[in-house]
Amino acid sequence: MELKPEILSLLEKLEEKYAATGQDYQSYLEGLLYADFVTYWDYIQTDTLLSLQKPRTNIPDEEIFIMYHQVTELYFKLVLHEMKQIAVKNHLTAEFMTARITRMNRYFETLTRSFAIMIDGMEVEQFLKFRMALLPASGFQSAQYRMIEILATDFIHLVGKDYRDTFGPDASISDMYQKIYWKAGATELATGKKTHTLIQFEQKYSETFIKLAEEFRENNVWRRFESLNSKDEALLQALKEFDLNVNVRWPMVHMKSAARYLKKDPEDIKATGGTNWQKYLSPPVQRRIFYPEIWSDSELESWGRRI
Ligand code: HEM
């Protein structure tokens, strides 16, 4: 049988590819004879994915709660994927960066829009019951959420607002980490002591977070933006949107869910692990801002009040 020139050219390229690594391409060709066809279920790992929902109660709405958190964690992973691409890109351009940040914004917009699944999509009575079976776990312990913050900006912007002035430009990450803003969200209302939620979280992740912040100190999203020295309007706009999406819009819809489920009865507060979430979760109070340098004084002044 005569082989078509296209096939011959492909074979030559394959031979070159495998020869470059000292391997025999003919054996790989033979392997193709026996290799199975790819299936959707193997590739997407549907069986594994759908085996990961393990309710702690038999209350039906708990499954919604689990799956929506899992969906969110996947979106967080998508956001981190883009942030890492920005961090390592050689010859970074404003165009490349804008495209990636636009993707990140799209993911967060989807999360903000779909949060109605949490706010309106579960029965309050059911939530208050199954939530008690999940103590002291909290979304507060989402490591990827913290990683997004760490890759987004200079670490000083994650230091509690009352402590920022106490650190100079060369402050070590581990010193600043002692004053990280989120500690304020995990102290007990009654005693002022660290909650067990925070103690567990720190035991598992502090070292990872400090290493990550050190690794991205010079090439987090903000540093990469600065390195471009760009006045590109689309990029600036995309960065502003990202700041609003992560630090105002998502926190606002998230807080709405807390308001729906936890507002009335002091007993309900127990379902949060006893934290002062009303104060802590509110964007104008928390004032977490990744890129204060690109906002005007009046925009900073009214942070979290206009979105
Ligand atoms: C009915 C739904 C939800 C309610 C009532 C709720 C409630 C709360 C509360 C009260 C806090 C403050 C910390 C604490 O007291 O534990 C918190 C923190 C947090 N939750 Fe949720 N949450 C819900 C859904 C979610 C979902 C779906 C995610 C997605 C991963 C999530 C992620 C977070 C994160 C990242 C924090 C820390 C926020 C920060 O430090 O600014 N939550 N949540």
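Residues numbered from 1 in each chain as written. Predicted model: local features only at pLDDT ≥ 70, side-chain atom pairs only at ≥ 80, totals over all residues. Heavy atoms only, no water.

### Description of the coordination of the iron atom of the ligand
Point 1. Protein coordination of the iron atom of the ligand rests on one atom only, H254 (NE2), at 2.1 Å.
Point 2. One can find H254 in helix α13 (residues 233–262). (Donors = N, O, S within 2.8 Å, 3.2 Å for Na, K, Ca; no water. Helix = DSSP H or I, 4+ residues; strand = E, 2+ residues; numbered from the N terminus.)

### Here's the deal with the packing of helix α1 (residues 5–20) against helix α2 (residues 25–34)
Point 1. Remark: α1 packs on α2, axes separated minimally by 9 Å, with the N-to-C direction vectors making an angle of 120°. For the pair formed by α1 and α2, the contact residues are L11, L14, E15 and Y18 on the first element and Y25, Y28 and L29 on the second.
Point 2. Partitioning the contact of α1 with α2 into residue classes produces six nonpolar, no polar and one charged. (Axes fitted to C-alpha atoms, helices over the stretch in contact; angles between N-to-C directions. Contact = heavy atoms within 4.5 Å. Nonpolar A, V, L, I, M, F, W, Y, C, P; charged D, E, K, R; others polar.)

### A closer look at the environment of D232
Point 1. Counting through the fold element by element, D232 comes out in the loop between α12 (221–228) and α13.
Point 2. When sequence neighbours within four positions are dropped, the list of residues in contact with D232 reads A94 and T98.

### A few points about a nonpolar patch on the surface
Point 1. A cluster of nonpolar side chains, contributed by V38, Y40, W41, Y43 and I44, occupies part of the molecular surface with about 670 Å² of accessible area.
Point 2. By the secondary structure assignment, W41 is in helix α3 (residues 40–44). (Patch = residues over 30% accessible without salt bridge, like charges linked within 9 Å, V, L, I, M, F, W, Y side chains within 5 Å. Areas by Shrake-Rupley, 256 points an atom, 1.4 Å probe, with all protein chains shown as cover. Salt bridge = Lys/Arg side-chain N within 4 Å of Asp/Glu carboxyl O.)

### A word on the nonpolar core
Across soluble globular proteins, you tend to see nonpolar side chains buried next to one another.
Point 1. The biggest cluster of nonpolar side chains holds 78 residues, and the ones touching the most others in it are M83, I101, F155, W182, F242 and Y291.
Point 2. At 12 residues, the largest contribution of residues to this core is made by α13.
Point 3. Once residues within four sequence positions are removed from consideration, M83 is found in contact with M104, I148, L151, A152, V221 and F242. (Core = buried A, V, L, I, M, F, W, Y, C linked by side-chain atoms within 4.5 Å. Buried < 20%, exposed > 50% of the residue type's maximum accessible area, 1.4 Å probe, protein only.)

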